[in-house]
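# Chain and residue survey
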Amino acid sequence: MEKISGSCLCGKITFELDRDFKQFHLCHCTQCQKTSGSAHVSNLFTRPDNIFWLSGEELIRRFDVPGRSITNAYCDHCGCAVPYVSNSGKALVVPAGSLDGDPGMTPQDHIFWAERAAWYEAGMDVPHFDGFPE
């Protein structure tokens, strides 16, 4: 099985996993907007044991929303999202942006679309730049 690596922004947490993802969702629920500070999260799902922590596992912090199946796992140093096992224990949730490369699949859908940010669709029609606009 082909491997893919990943890390947090500061590089203190690093990991490797098999490129064996079963699902890839863009979640627009209001909770995911809060945890990401953006319009949606981009999460891949794989089997719970599909991760090997190379460094920094002790820096991972996890917040489980009481009474909900919503979790935020992040680096205690830089605050960036990192993989975590779902509350049900049935899946490893991998933030797509934490991967160093192509996960080998594209998003399958937009979930919780009714909760999307009011400005999301308008943002798709604005100019695109390769860096900061001048």
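Structural data are supplied above this passage.
### Some thoughts on the sheet that holds strand β10 (residues 109-111)
Strand order in the open sheet formed by 5 strands is β8-β9-β4-β3-β10, with mixed pairing between adjacent strands. A strand with exactly one partner marks an edge of an open sheet, and here the two such strands are β8 (84-85) and β10. Where strand β3 (residues 23-27) lies against β10, 3 bridges are found, and the strand directions are parallel. Looking at β10, one finds that L26 is bridged to H110.

### Here's the deal with the pairing of strand β4 (residues 41-46)
Relative to β4, β3 runs antiparallel, the two sharing 5 bridges. If you follow C27 over to β4, its bridge partner there is V41.

### So, the side chain of N43
You can see N43 is positioned in strand β4. On the accessibility criterion, N43 (14% relative accessible area) is buried. Not counting chain neighbours up to four residues away, the residues in contact with N43 comprise Q23, F24, H25, V93, V94, P95 and A96.

### Comments concerning the pattern of salt bridges
Following the criterion strictly, the structure yields 9 salt bridges and no others. The partner of R61 in a salt bridge is D76, with the nearest N and O atoms 3.5 Å apart. Residue R61 is found in strand β6 (residues 60-64), and its partner D76 is found in the loop between β7 (71-75) and β8; the two are separated by 15 residues along the sequence. According to the relative accessible area criterion, R61 is partly exposed, its value standing at 33%. On the basis of relative accessibility, which here comes to 44%, the residue D76 falls in the partly exposed class. Look at the salt bridges and you will find they share partners, linking K3, D18, D20, K22, R47 and D49 into a network.

### Concerning the packing of aromatic side chains
Two aromatic rings, taken as a pair, are described by how far apart their centres are and by the angle between their planes. Within the structure shown, the criterion is met by 2 aromatic pairs. Their ring planes at 65° and their centres at 5.6 Å tell us that F15 and W53 sit as a pair that is edge-to-face. On the criterion of sequence distance, the pair formed by F15 in strand β2 (residues 14-18) and W53 in strand β5 (residues 52-55) is long-range, its members being 38 residues apart. For F15, a relative accessible area of 0% translates into the label buried.

### A short note on the sheet that holds strand β1 (residues 3-7)
Sheet strands associate in pairs through backbone hydrogen bonding, adopting either a parallel or an antiparallel arrangement. Judged by pairing direction, the sheet is antiparallel, and its 3 strands sit side by side in the order β1-β2-β5 without closing on themselves. Looking at strand neighbours, the two that pair on one side only are β1 and β5, the edges of this open sheet. Between one strand axis and the next, the sheet turns through 25° on average, direction left out of account.

Parameters and conventions
- Residues numbered from 1 in each chain as written.
- Predicted model: local features only at pLDDT ≥ 70, side-chain atom pairs only at ≥ 80, totals over all residues.
- Heavy atoms only, no water.
- Pairing = 2+ DSSP bridges.
- Helix = DSSP H or I, 4+ residues; strand = E, 2+ residues; numbered from the N terminus.
- Buried < 20%, exposed > 50% of the residue type's maximum accessible area, 1.4 Å probe, protein only.
- Contact = heavy atoms within 4.5 Å.
- Salt bridge = Lys/Arg side-chain N within 4 Å of Asp/Glu carboxyl O.
- Phe/Tyr/Trp six-rings, centres within 6.5 Å; stacked < 30°, edge-to-face > 60°.
- Axes fitted to C-alpha atoms, helices over the stretch in contact; angles between N-to-C directions.

Note that all results are geometric; they support no functional claim without further evidence.
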